[in-house]
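Breakdown of the fold
Here's the letter readout for the chains.
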Amino acid sequence: MKKFITGLVTGAILASSIVLAASYTADPASFKVLVNGKEFISDPPAMVINGSTYLPLRAMGNALGVPVNWNEELKQAEVGNQAPVAEENQYSRNNPAPLNTVQTYTRTSDYLEEYNYTAGIRVLEIIRGDKAFKDLKAKSAAYEEPQEGYEYVNAKIAFSAIKTKSDFSIEPSQGDFKAFTSNNEECPYNMWSSIEPILTGNLYEGGNTEGWITVMVKKDDANPKLAYGLDYNGQNGIWFALYE
């Protein structure tokens, strides 16, 4: 059974507004739609309009694991995570990304191409000082006192595998991150476990995880920062603020 849809397209040319009305014929799709290899079935079904296939937004988001929400206050549909995504090279060592800002990291190597990947990373939350150490002692079987003049920061990280080479996986871990002072001195490395759940696990392309890491920062430093994916010479990483 065909359905008819009438759409209004509004445009502006020079100082004038022109409204165009057009009619389109919509038919339920007579073919299967596969999402990640599985048949996509929804109510209402996929529709074909003038040769293009259209899918219900929320059902498609659920199939892909992407949140779809209706913002009643702003009267708008919101697809995906609401955290801002940084533009390439927007942030740096001297201008680290604020909390809850997604940065994209791409690893490239001419020698080990199978380990190249692109990931989306952000710092969701930080806990610092006495509370961080208290949580570490309560939730980790292995811990030690921070070095003199330093204190712990527990940072919750969100990590997404955007693209991987072939069928290889990414395994994010605390060892991929390094803390630095506001004046660019590397902080002592924390060799002990973080609080649960720890940032870990194998992620294939499209996989996501969240978990905690623990680093040490100077007690008197109000603006420490966190780096991910630095090369042996300290380049090509991405930087995050460890403060609000």
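Right above here is the structure, for reference.
Just so we're clear, the structure is a prediction, and the values are computed from it rather than from any experiment.

1. Re the sheet that holds strand 14 (residues 225-228)
The strand order across the open sheet built from 3 strands is 12-14-15, with neighbouring strands paired in antiparallel fashion. Bordering the open sheet on either side are strand 12 (177-180) and strand 15 (238-241), each of which pairs with just one other strand. Neighbour to neighbour, the strand axes of the sheet diverge by 25° on average, direction disregarded. Pairing of strand 12 with strand 14 involves 4 bridges; the strand directions are antiparallel. Paired with alanine 179 across the bridge in strand 14 is leucine 226.

2. Some remarks on the packing of aromatic side chains
Taken as a whole and judged by the stated rule, the model has 6 aromatic pairs. When the centroid spacing of 5.8 Å and the interplanar angle of 50° are considered together, the rings of tyrosine 105 and tyrosine 117 count as tilted. Of this pair, tyrosine 105 sits in strand 9 (residues 103-107) while tyrosine 117 sits in strand 10 (residues 117-128), and the two are 12 residues apart along the sequence. With respect to class, tyrosine 105 is no different from tyrosine 117; both count as buried. Here the aromatic rings of phenylalanine 177 and tyrosine 228 are separated by 4.9 Å at their centres, their planes lie at 55°, and the arrangement is tilted. Of this pair, phenylalanine 177 sits in strand 12 while tyrosine 228 sits in strand 14, placing them 51 residues apart in sequence. Classification of phenylalanine 177 by relative accessible area gives buried; the value is 1%. Residue classification places tyrosine 228 among the buried residues on the basis of a relative accessible area of 2%. Among the aromatic residues, those joined into a ring-pair cluster are Tyr105, Tyr117, Phe159, Phe177 and Tyr228. Residue placement shows lysine 225 over the ring face of tryptophan 239; its charged tip is 5.9 Å from the ring centre.

What counts as what
- Residues numbered from 1 in each chain as written.
- Predicted model: local features only at pLDDT ≥ 70, side-chain atom pairs only at ≥ 80, totals over all residues.
- Heavy atoms only, no water.
- Pairing = 2+ DSSP bridges.
- Helix = DSSP H or I, 4+ residues; strand = E, 2+ residues; numbered from the N terminus.
- Axes fitted to C-alpha atoms, helices over the stretch in contact; angles between N-to-C directions.
- Phe/Tyr/Trp six-rings, centres within 6.5 Å; stacked < 30°, edge-to-face > 60°.
- Buried < 20%, exposed > 50% of the residue type's maximum accessible area, 1.4 Å probe, protein only.
- Lys NZ or Arg CZ within 6 Å of the ring centre and 35° of its normal.

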